[in-house]
Amino acid sequence: DGPGSMPSREPVKKKTIRAWKVTGEPLIQKTETTPVTLHVYDAIHLATAESALPIVHLGIELFDREFSFGEAGVRSTRPGLYDAPKHRRRMLVGHTHVRKKELFNMILQLKKEWPGESYRLLGNNCQTFAVEFCEHLGLGACIPDYYLYFSKPLFSP
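Conventions we followed
- Counting starts from 1 at the beginning of each chain's written sequence and moves along it residue by residue.
- In keeping with the model being predicted, local features are shown solely for residues with a pLDDT of at least 70 and side-chain atom pairs are shown and tallied solely at 80 or more, while totals for entire chains, interfaces and linings include all residues.
- Note that water and hydrogens are dropped before the side-chain values are worked out from all heavy atoms of the structure.
- Only runs of H or I of at least four residues qualify as helices and only runs of E of at least two qualify as strands under DSSP, and these elements are numbered from the N terminus.
- Accessible area is worked out with a 1.4 Å probe on protein chains only. A residue is then buried under 20% of its type maximum, exposed over 50%, and partly exposed in between.
- A contact between two residues is defined here by any heavy atoms of the two lying within 4.5 Å.
- Note on areas: Shrake-Rupley, 1.4 Å probe, and residue coverage restricted to the protein chains presented here.
- Disulfide assignment relies on a single distance test, namely cysteine sulfur atoms paired within 2.5 Å.
- Strands were regarded as paired on the criterion that DSSP finds at least two bridges between them.

A. Region of interest: the overall build of the chain. The secondary structure content of the chain amounts to two helices and seven strands. Counting from the amino terminus, helix and strand elements in the chain follow one another as β-β-β-β-β-β-β-α-α. A burial count over the chain gives 41% of its 157 residues as buried. Considering only contacts within the chain whose residues lie at least 6 apart along the sequence, 62% involve residues at least 24 apart. Surface summary for the chain: the accessible area is close to 9600 Å², and the carbon and sulfur share equals 56%.

B. Seen up close, the state of the cysteines. Tallying each qualifying case throughout the model produces zero disulfides. For Cys-134, which is in no disulfide, the shortest distance to another cysteine sulfur is to Cys-142 and amounts to 3.6 Å. A relative accessible area of 0% means that Cys-134 is categorised as buried.

C. Expanded view of the pairing of strand S4 (residues 56–62). Within S4, seven of the seven residues are buried, which leaves it mostly tucked inside the rest of the structure. Side-chain alternation along S4 places Val-56, Leu-58, Ile-60 and Leu-62 on one buried face and His-57, Gly-59 and Glu-61 on a second face that is also buried. One ladder, built from six bridges, connects strand S3 (residues 34–42) with S4; its direction is antiparallel. Bridge pairing in S4 links His-39 to Gly-59. Looking at chain direction, S4 and strand S5 (residues 65–70) are connected through three bridges and run antiparallel.

D. Fine view of unusual backbone geometry. In this structure, Phe-63 is a non-glycine residue whose phi angle is positive, near 55°. With respect to the helices, strands and loops of the structure, Phe-63 is situated in the loop between S4 and S5. Phi is positive for Asp-64, close to 60°, though the residue is something other than glycine. Relative to the helices and strands, Asp-64 resides in the loop between S4 and S5.

This is how it looks when you write it as structure tokens:
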């Protein structure tokens, strides 16, 4: 995995596995999870994704859709195609227990909370959205800090 390389995609899902006791009660149950992938794009015409100050756009992929935030609000695209010529990296950031229906409802709510007119270059942008979206997916702080330079307002702690 060198700079600019794009590793192969992760498998789409892990299956639920159940073993049953003679009484019919579950003995072991592993829950189904879905991989969550971070997509990184150069945000300007220069290649910056691997520089000291990456100016990048971020998108979060699950269920074969990539979600991001910008001046048009929350968007959904095919993975890696937000701005295909500027796509620089794809990386697995975790697995979520959120199901498709839950995701649909979550996106509807996020669209209300993240209208396009609230977009700001610093502190309320695609990076900020990616951080919050991953928290909603139960992943916590999973995005590498070097992709989050513009996620906070200039004078925040």
